[in-house]
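Below are the chains, spelled out letter by letter.
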Amino acid sequence: SALVPSGLVDALRKARRVAILTGAGISAESGIPTFRDALTGLWARFNPEELATPEAFQRDPKLVWEWYAHRRELVERVEPNAAHRALVTMEQHVPKLTLITQNVDGLHQRAGSQNVLELHGNLARVRCFHENTVIPSWEDTGEVPPRCPDCGGPLRPDVVWFGENLPADAFEKAVEAAAQCDLFFSIGTSGVVEPAASLTRLARQMGATVALINLDVEPRDVPPLYQIHGKAGTILPELVQRAWPERT
Ligand code: NAD
Ligand code: APR
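Since we're looking at a predicted model, the values are computed, not measured. (Residues numbered from 1 in each chain as written. Chains lettered and ligands numbered in written order. Predicted model: local features only at pLDDT ≥ 70, side-chain atom pairs only at ≥ 80, totals over all residues. Heavy atoms only, no water.)

Q: Explain the overall build of the protein chain to me, please; I cannot follow it from the model alone.
A: Summing up its helical and strand segments, the protein chain has 10 helices and 8 strands in all. At 19 Å, the protein chain has a C-alpha radius of gyration in line with the 18 Å of a compact globule built from 248 residues. Dimensions of the protein chain along its principal axes, counting C-alpha atoms only, are 55 × 35 × 35 Å. For the protein chain, with 248 residues in total, the buried portion stands at 51%. (Helix = DSSP H or I, 4+ residues; strand = E, 2+ residues; numbered from the N terminus. Rg over C-alpha atoms; globule rule 2.2 N^0.38 Å. Buried < 20%, exposed > 50% of the residue type's maximum accessible area, 1.4 Å probe, protein only.)

Take a look at the structure:
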């Protein structure tokens, strides 16, 4: 049975400008645990709110560095899934598509998406804790976290932590895309973290058609026009296949 309402298929075929907000759920089928899932294994006793903060890094830089190193190794071992690939196909057919992600795993880019706004940074990048400059390489002295080659201070993941501001340029572009799109997708995000979550409300307020694709049935303050419950890895390929049958 079709998971995707035909009204949404039509809206996608007609859309000129599409904006998409993705969260950890779109990478779940690649094998990366989402934040609100119970963290598995070694990290089960921590939760992201305790680790992904500047205070946690000041308190225990080694622990925080190793948590991100663990996640970086995981990301390097997994592949983009059918949901990421469906968004690549969508980008090839929609006149203007902006992909806004809260994820730091870089899987959208690895799948082939061209226009990706990373609101929360990227695990693969490292920056100086003091100067905030991105550091492409450093000497591995065995010290954890490694030292900045320029100032000797600690290096940190180039990821936005709780309480920190988002990269202004990416967030401004995301707001603009959400405000101007005709069709907005929220995919695999619990929508509990600001300011990313505000983009869906903004799109709705500006008159866009909003489609929410999520595994869970979660209460929403602004009911979207389309709320599809299920796995992004199943729903998105069906949506794209029905929108452009000649292509896929
Ligand atoms: P928060 O409410 O503390 O603040 C989010 C940041 O965004 C604040 O600095 C705030 O100034 C800014 N902000 C909030 N609303 C805004 C708006 N409307 N316009 C512009 N700026 C706005 O959020 P938080 O829950 O503490 O998390 C902070 C950020 O860190 C979030 O984006 C969160 O998703 C991110 N984070 C990333 C990871 C990770 O590992 N990638 C883990 C945890 C949190
Ligand atoms: N398909 C679709 N949705 C899924 C799937 C799937 N296969 N698996 C899980 N989900 C949904 C869950 O139902 C949940 O609503 O994905 C969402 C994951 O939510 P979170 O774990 O809260 O992840 P996210 O929304 O990305 O968190 C936002 O908070 O911790 C910070 O910065 C971090 O970017 C993260 C932000």
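Q: Can you help me understand the sheet that holds strand E3 (residues 116–118) in this one?
A: Two modes of strand pairing occur in sheets, parallel and antiparallel, and in both the strands are linked by backbone hydrogen bonds. Here 6 strands make up an open sheet; going across it, the order is E3-E2-E1-E6-E7-E8 and the pairing parallel. At either end of the open sheet lies a strand with only one pairing partner, and these are E3 and strand E8 (226–229). Taken over all neighbouring pairs, the strand axes of this sheet differ in orientation by 15 degrees on average, direction set aside. Strand direction decides the pairing type here: strand E2 (residues 96–101) and E3, joined by 3 bridges, are parallel. By the bridge assignment for E3, Thr-101 is matched with Glu-118. Running at roughly 120 degrees to strand E6 (residues 183–187), helix H1 (residues 6–14) makes contact with strand E1 (17–22), E6, strand E7 (209–214) and E8 of the sheet. (Pairing = 2+ DSSP bridges. Axes fitted to C-alpha atoms, helices over the stretch in contact; angles between N-to-C directions. Contact = heavy atoms within 4.5 Å.)

Q: Would you mind showing me how to read the packing of aromatic side chains here?
A: The geometry of an aromatic ring pair comes down to the distance between the two centres and the angle between the two planes. In the structure shown here, the tally under the stated rule is 5 aromatic pairs. Look at Trp-65 and Trp-138: their rings are 6.0 Å apart centre to centre, the planes differ by 80 degrees, and that puts the pair in the edge-to-face class. Taken together, the residues Trp-65 in helix H5 (residues 61–77) and Trp-138 in the loop between strand E4 (121–128) and strand E5 (155–159) connect sequence positions 73 residues apart. A residue is classified by how much of its surface remains accessible, and Trp-65, at 8% relative accessible area, is buried. Ring centres of Trp-67 and Tyr-68 lie 4.8 Å apart, and the angle between their planes is 70 degrees; this geometry places the pair in the edge-to-face category. Across the pair, Tyr-68 and Trp-67 agree in class, each one buried. Taken together, Phe-57, Trp-67, Tyr-68, Phe-129 and Trp-161 form an aromatic cluster joined through their ring pairs. Sitting over the face of the ring of Trp-161, Arg-156 holds its NZ or CZ atom 3.8 Å from the ring centroid. (Phe/Tyr/Trp six-rings, centres within 6.5 Å; stacked < 30°, edge-to-face > 60°. Lys NZ or Arg CZ within 6 Å of the ring centre and 35° of its normal.)

Q: Can you help me understand the site of ligand 1 in this one?
A: Taken together, 18 residues are adjacent to ligand 1, and His-120, Val-160, Trp-161, Phe-162 and Gly-163 come closest. Arg-71 places a side-chain nitrogen or oxygen 3.5 Å from an oxygen atom of ligand 1. Between Glu-164 and ligand 1, the recorded distance is 3.1 Å, taken from a backbone N or O atom to an oxygen atom. With the chains in place, 68% of the 820 Å² that ligand 1 exposes on its own is no longer accessible. For the shell around ligand 1, a count of residues per class yields 12 nonpolar, 3 polar and 3 charged. (Near = heavy atom within 4 Å. Polar contact = N/O pair within 3.5 Å; in protein donor to acceptor, adjacent residues only side chain to side chain. Areas by Shrake-Rupley, 256 points an atom, 1.4 Å probe, with all protein chains shown as cover. Nonpolar A, V, L, I, M, F, W, Y, C, P; charged D, E, K, R; others polar.)

Q: When you look at the pattern of salt bridges in this model, what are you seeing that I'm missing?
A: Two side chains bearing opposite charge may form a pair once their charged atoms approach each other closely. Tallied over the full model, the rule gives 11 salt bridges. The salt bridge involving Glu-66 is made with Lys-62; its shortest N-O contact spans 3.0 Å. With Glu-66 and Lys-62 both in helix H5, this residue pair falls 4 residues apart, about one helical turn. Lys-62 gets classed as partly exposed once you look at its relative accessible area, which sits at 42%. One salt bridge connects Arg-110 with Glu-79, and the closest N-O pair in it is separated by 3.7 Å. Taken together, the positions of Arg-110 in helix H7 (residues 107–111) and Glu-79 in the loop between H5 and helix H6 (82–93) put the pair 31 residues apart, joining distant regions of the chain. (Salt bridge = Lys/Arg side-chain N within 4 Å of Asp/Glu carboxyl O.)

Q: Would you explain the pairing of E5 in this entry?
A: Residues in a regular strand project their side chains so that they alternate between the two faces of the sheet. Counted residue by residue, E5 has 5 buried out of 5 residues, so it is predominantly covered. Direction of pairing for E4 relative to E5: antiparallel, over a ladder of 4 bridges. Bridged to Val-126 within E5 is Pro-157.

Q: Is there a simple way to explain the UniProt feature "active site" (unreviewed entry) in the protein chain in this structure?
A: UniProt feature "active site" (unreviewed entry): in the numbering of this structure it lies at His-120. Along the polypeptide, His-120 turns up in the loop between E3 and E4. What makes His-120 buried here is its relative accessible area of 13%. A distance of 3.1 Å separates the side chain of His-120 from the backbone oxygen of Gln-102, its partner in a polar contact. (UniProt positions renumbered as here; feature names shortened; annotations may be inferred.)

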